[in-house]
Number of protein chains: 2
Amino acid sequence: MAGPMADGDDGVCPVRDVLDRLGDAWSVLVISHLEQGPARFNALRRAIAGISQRMLAQTLRKLERDGLASRTVFPTTPPQVEYALTDLGRSFSTHLAQLAQWATHHQPAIRASRRAYDAAHLDGEE
Amino acid sequence: MAGPMADGDDGVCPVRDVLDRLGDAWSVLVISHLEQGPARFNALRRAIAGISQRMLAQTLRKLERDGLASRTVFPTTPPQVEYALTDLGRSFSTHLAQLAQWATHHQPAIRASRRAYDAAHLDGEE
DNA sequence: CCGAATCCCTAACGATACTG
DNA sequence: CAGTATCGTTAGGGATTCGG
């Protein structure tokens, strides 16, 4: 088990569910791309450099299950599957944008703190 | 490699650094507890049920390195070490609280979506 | 084209024991 | 009291292959 309140994947703690999506890099990237409009599976695959089909499928399923993204199948040949953000997903991405702004704004402070910390901890190393 | 922009732990992507702290359950819990005031190592250990000393030490080091928490050593016997949130840490916890509120507010929708999804996907199982 | 199933390997975590 | 070091286990993710 990964944490103190983990229980399968369902939320014993509702906050953790949301935070886990933020902590998942692929989920964030998929949401970011869907923010620009609906997209098909392989379009997302090409757009998100480095993602494996396994992770993309898995991520999309999680987003769909949580109601953040929708999955629409067009019964054509070959089959087309289109993914899009739901209203909930767009609400979520709003907060994601706020966090991105905060992160960008405070990045200098964080990087400075890391340099200071790393510099102060060269006692026993190398 | 864990993601498309992973490069050790230092931020190639500043957003990911912040998101990773949110995704880390222990970091969130430690910050939540420090929000109520400074605390010593073993006090945090007792307060956060289920955390191991290894994870607590590791989490505190990451928070300190990123400038979210401060570490103050009192040269007494036995030694006292007090941890507290910095201004940056308090700013961070503000956003954490907002996310918690969002999560709580939308929890019913998420849980409903999950039930619907799970119900629709009993095709081949059990 | 969309996705699931398998294999394998790494990194994360808990438990334990030890140091200042 | 406040940590670090080592060990064993396990879950997550990439590569590949097969099905609808």
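Structural data are supplied above this passage.
One structure accompanies this document, and this report is about it. The model shown is predicted, which means the values in this text are computed figures rather than measured ones. Every chain's residues receive numbers from 1 upward, in the order its sequence appears when written. The order in which chains are written sets their letters, starting at A; the order in which ligands are written sets their numbers, starting at 1. Restriction of local features to residues with pLDDT of at least 70 applies here, the model being predicted, together with a cutoff of 80 or more for giving and counting side-chain atom pairs; totals for whole chains, interfaces and linings are based on all residues. The side-chain quantities take in all heavy atoms of the structure and omit both hydrogens and water.

**Here we look at the protein's contact with DNA strand D**
Right, on to step 1. Close contacts around DNA strand D come from 17 residues, with Q53 and M55 of chain A together with R40, R71 and Y83 of chain B the closest.
Right, on to step 2. Only heavy atoms are used to decide nearness, and a residue is near a molecule or strand if one of them lies within 4 Å of it. Protein-proximal atoms of DNA strand D, defined as those within 4 Å of the protein, fall in sugar or phosphate at a share of 69%.
Right, on to step 3. Any pair of nitrogen or oxygen atoms within 3.5 Å is treated as a polar contact; in protein, a donor-acceptor pairing is required on top of that, and neighbouring residues in sequence qualify only through side-chain atoms on both sides. Between DNA strand D and the protein, one listed contact pairs a phosphate oxygen with a side-chain N or O atom of S52 of chain A at 3.1 Å.
Right, on to step 4. Residue R61 of chain B places a side-chain N or O atom 3.2 Å away from a phosphate oxygen belonging to DNA strand D.

**A closer look at the relation of the copies chain A and chain B**
Right, on to step 1. When the copies are superposed, the least-squares fit takes in the C-alpha atoms of residues with a pLDDT of at least 70 in both. With an RMSD of 0.1 Å, the operation that places chain A on chain B is a rotation of 180 degrees combined with a shift of 0.0 Å along the axis. Expressed as a symmetry operation, the mapping of one chain copy onto the other fits a two-fold axis. Ranked by how close their C-alpha atoms come to the rotation axis, the residues of chain A are headed by G23 of chain A, at 1.8 Å.
Right, on to step 2. Interface overlap between copies: 98% of the residues of chain A at the interface are likewise at the interface in chain B, consistent with a symmetric, same-surface contact. Should any heavy atoms of two residues lie within 4.5 Å, those residues are considered in contact.

**Digging into the interface of chain A and chain B**
Right, on to step 1. Listed as interface residues are 48 residues of chain A and, on the opposing side, 47 residues of chain B.
Right, on to step 2. What gets called buried area is simply the loss in accessible area from a 1.4 Å probe that two parts show on being joined, summed for both. Taken as a group, R65, W102 and R114 of chain A account for 19% of the area that chain A buries against chain B, more than any other trio of residues on that side.
Right, on to step 3. A pair is scored as a salt bridge if a Lys or Arg side-chain nitrogen falls within 4 Å of a carboxyl oxygen belonging to Asp or Glu. The interface formed by chain A and chain B contains 6 salt bridges.
Right, on to step 4. Residue D17 of chain A pairs with R114 of chain B through a salt bridge whose shortest N-O separation is 3.6 Å.
Right, on to step 5. Ranked by residue count, the leading element in the side of chain A that touches chain B is helix α5 (residues 87-120) of chain A, at 20 residues. Secondary structure follows DSSP: runs of H or I at least 4 residues long count as helices, runs of E at least 2 residues long count as strands, and numbering of each begins at the N terminus.

**A closer look at the protein's contact with DNA strand C**
Right, on to step 1. By nearness alone, 18 residues border DNA strand C, and N42, R71 and Y83 of chain A together with Q53 and M55 of chain B come closest of all.
Right, on to step 2. Near-protein atoms of DNA strand C (within 4 Å) split between backbone and bases, with sugar and phosphate holding 64%.
Right, on to step 3. In the environment of DNA strand C, a phosphate oxygen lies 2.3 Å from a nitrogen or oxygen atom belonging to the side chain of R71 of chain A.
Right, on to step 4. Here a base oxygen of DNA strand C sits 2.7 Å away from a polar atom, N or O, in the side chain of Q53 of chain B.
Right, on to step 5. Every element with two or more residues in the surface near DNA strand C is listed here: α3 (41-47), α4 (53-65) and β3 (80-85) of chain A together with α4 (53-65) of chain B.
Right, on to step 6. Here the surface near DNA strand C takes 4 residues from α4 of chain B, the largest share from any one element.

**With respect to the packing of aromatic side chains**
Right, on to step 1. A pair of aromatic rings is counted whenever rings of Phe, Tyr or Trp (Trp by its six-membered ring) have centres within 6.5 Å, and the orientation is called stacked for planes under 30 degrees apart, edge-to-face for over 60 and tilted otherwise. Applying the stated criterion across every chain, the model contains 2 aromatic pairs over all chains.
Right, on to step 2. For the pair F92 of chain A and W102 of chain B, a centre-to-centre distance of 5.5 Å together with 55 degrees between the ring planes defines the contact as tilted. Within this pair, whereas F92 of chain A is found in helix α5, its partner W102 of chain B is found in helix α5 (residues 87-120), the two belonging to separate chains.
Right, on to step 3. Note on exposure labels: buried denotes an accessible area under 20% of the residue type's maximum, exposed denotes more than 50%, and partly exposed covers the range between, all computed with a 1.4 Å probe on protein chains only. F92 of chain A gets classed as buried once you look at its relative accessible area, which sits at 3%.
Right, on to step 4. A residue is classified by how much of its surface remains accessible, and W102 of chain B, at 7% relative accessible area, is buried.

**Quick word on the pairing of strand β2 (residues 69-74) of chain B**
Residues and elements named next belong to chain B.
Right, on to step 1. The pairing criterion for strands is at least two bridges between them, as found by DSSP. Both β2 and strand β3 (residues 80-85) contribute to a ladder of 6 bridges, which runs antiparallel. Opposite V73, over in β3, you have V81 as the bridge partner.
Right, on to step 2. Between β2 and the antiparallel strand that follows it, β3, lie 5 residues.

**Here we look at the pattern of salt bridges**
Right, on to step 1. Applying the stated criterion across every chain, the model contains 13 salt bridges over all chains.
Right, on to step 2. A cluster of three or more residues bridged by salt bridges with shared partners is formed by D17, R21 and D66 of chain A together with R114 of chain B.

**Thoughts on the sheet that holds β3 of chain A**
All names here are of chain A.
Right, on to step 1. An order of β1-β3-β2 is seen for the 3 strands of this open sheet, with the pairing classed as antiparallel. Two strands close off the open sheet at either side, each with one partner strand: β1 (39-40) and β2 (69-74).
Right, on to step 2. The pairing of β1 with β3 spans 2 bridges and is classified as antiparallel. Each bridged residue has a counterpart across the sheet, and for A39 the counterpart in β3 is Y83.

**Describing α5 of chain A**
Given 3.6 residues per turn, any residue in an α-helix points the same way as the ones three and four places further on.
Right, on to step 1. Here the expected span of a helix is defined as 1.5 Å times the quantity of residues minus one. With 34 residues, α5 of chain A ought to run about 50 Å at 1.5 Å a step, and its terminal C-alpha atoms sit 47 Å apart, in line with that.
Right, on to step 2. Working definition for bend: take the seven residues up to and ending at a residue and the seven starting at it, fit an axis to each, and measure the angle between the axes. If you look at α5 of chain A, its biggest bend is around 55 degrees, right at H106 of chain A, and the proline P108 of chain A turns up within four residues after that.

**Some remarks on the environment of L44 of chain B**
Residue and element names in this part refer to chain B.
Right, on to step 1. Tracing the sequence through the fold places L44 in helix α3 (residues 41-47).
Right, on to step 2. By relative accessible area, L44 is classed as buried at 1%.
Right, on to step 3. Sequence-distant contacts of L44, defined by excluding residues within four places in its chain, comprise H33, L34, A39, L56, L60 and Y83.

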